[in-house]
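# Descriptive analysis of the structure
Each chain, written out:
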Amino acid sequence: MKQDHNYDGVYFIKGMFSLHQLGEFKKFGVNALSMFHYIRLKQGLIPRSNPDHNKFSAWVLVDNSNLQKFVGIHQSTKWEVLKKLEGAKLIEVKRRGRGKCPRVRITCPEKLLH
């Protein structure tokens, strides 16, 4: 029996998922959660041949068009969220100059460390 799966508009996170990280990002609102989802989505798309494949510490580019298309965050909101999360030391941001998309990675630990 053939099944017809229509996942139009639904994007999955491939690989590991840390509930501690999810809880930390949740403290900063729905846009921060969407940014976490987007970063993990992009990290899951890194090819298996790359040594950074599926690691929380892998750098990803956060471009405006895909960010808006995948999780619905506009350019102005993107920078507000990035600054908030960077200030809380949940992510690390490398600005590449005016007009270029930043590189971002998650720096929040995968589990609560006492």
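Located above this text is the structure these notes cover.
Notes on the structure follow. Bear in mind the structure is a predicted one, so any value in this text is a computation, not a measurement. (Residues numbered from 1 in each chain as written. Predicted model: local features only at pLDDT ≥ 70, side-chain atom pairs only at ≥ 80, totals over all residues. Heavy atoms only, no water.)

### Here's the deal with the packing of helix α1 (residues 19–26) against helix α2 (residues 30–44)
Packing of α1 against α2 leaves a shortest axis separation of 8 Å and a crossing angle of 145°. Between α1 and α2, the residues in contact are Gln21, Leu22, Phe25 and Lys26 and Ala32, Leu33 and Phe36, respectively. The class makeup of the residues in the contact of α1 with α2 is 5 nonpolar, 1 polar and 1 charged. (Axes fitted to C-alpha atoms, helices over the stretch in contact; angles between N-to-C directions. Helix = DSSP H or I, 4+ residues; strand = E, 2+ residues; numbered from the N terminus. Contact = heavy atoms within 4.5 Å. Nonpolar A, V, L, I, M, F, W, Y, C, P; charged D, E, K, R; others polar.)

### Topic: the sheet that holds strand β3 (residues 103–106)
In spatial order, the strands read β1-β3-β2; together these 3 strands make up an open sheet with antiparallel pairing. Among the strands making up the open sheet, the edge pair consists of β1 (60–61) and β2 (91–94). Where β2 lies against β3, 4 bridges are found, and the strand directions are antiparallel. What sits directly across from valine 93, in β3, is valine 104. Along the sheet face, helix α4 (residues 75–87) touches β2 and β3 and points at about 125° away from the line of β2. (Pairing = 2+ DSSP bridges.)

No statement about biological role is implied by the geometric values presented.
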